[in-house]
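Observations on the three-dimensional arrangement
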Amino acid sequence: MADVFEIIVEPNIRRRRGRAPLSEKKRAAALFRVWHAVREMIDEAQSLGDGELVHFLAVSQLLVEERVTMLTSGVPAFATTDTSLPN
């Protein structure tokens, strides 16, 4: 006869309280720090010679810039640009 093991998982009793949404000023400051951190990572990836990582980070940087544009102007970043044609 095989032994049966019983696994008991108890719920985590420590709960994190929900965070209040950031003010516009704090959100802008956080995005500013993220943008500069990504810029530093791009420089580091370029010094390592990893083109694929540079490309990935550049796309990430563009997404952060798009978010900043949308938050500051209220207009989506590519709303006025013709994106139907490729580069």
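Below you will find a few notes about this structure. What you are looking at is a predicted structure, and each value in this text was computed from that prediction instead of being measured.

1. Section: the nonpolar core
- Within the largest apolar cluster, 5 residues are counted, these being Val-38, Ile-42, Ala-45, Val-54 and Leu-57.
- When contributions to this core are tallied by element, the ones reaching two or more residues are α1 (24–48) and α2 (51–73).
- Sorting elements by how many residues they give to this core places α1 first, with 3 residues.
- For Val-38, the residues in contact, after removing those within four places along its chain, are Leu-57 and Gln-61.

2. A closer look at the pattern of salt bridges
- Summed over all chains, the structure comprises 1 salt bridge.
- The shortest N-O distance in the salt bridge between Arg-39 and Asp-43 comes to 2.8 Å. Highlighted residues: Arg-39 and Asp-43, both in helix α1, separated by 4 residues, approximately one helical turn.
- Assessed through its relative accessible area of 28%, Arg-39 is described here as partly exposed.

3. Considerations on the packing of α1 against α2
- α2 packs onto α1 with a crossing angle of 160 degrees between their chain directions and a minimal axis gap of 9 Å. Comparing the axis directions of α1 and α2 gives the class roughly antiparallel. When you trace α1 past α2, the crossing you get is left-handed. The residues of α2 that touch α1, namely those facing Arg-27, Leu-31, Val-34, Trp-35, Val-38, Arg-39, Met-41, Ile-42, Ala-45 and Gln-46, are Leu-53, Val-54, Leu-57, Ala-58, Gln-61, Val-64, Glu-65, Arg-67, Val-68 and Leu-71.
- Here the contact of α1 with α2 is built from residues that sort into 14 nonpolar, 2 polar and 4 charged.

The rules behind each value
Residues numbered from 1 in each chain as written. Predicted model: local features only at pLDDT ≥ 70, side-chain atom pairs only at ≥ 80, totals over all residues. Heavy atoms only, no water. Core = buried A, V, L, I, M, F, W, Y, C linked by side-chain atoms within 4.5 Å. Buried < 20%, exposed > 50% of the residue type's maximum accessible area, 1.4 Å probe, protein only. Helix = DSSP H or I, 4+ residues; strand = E, 2+ residues; numbered from the N terminus. Contact = heavy atoms within 4.5 Å. Salt bridge = Lys/Arg side-chain N within 4 Å of Asp/Glu carboxyl O. Axes fitted to C-alpha atoms, helices over the stretch in contact; angles between N-to-C directions. Parallel < 35°, antiparallel > 145°, perpendicular 65-115°, else oblique. Left-handed = near helix turned anticlockwise from the far one by under 90°. Nonpolar A, V, L, I, M, F, W, Y, C, P; charged D, E, K, R; others polar.

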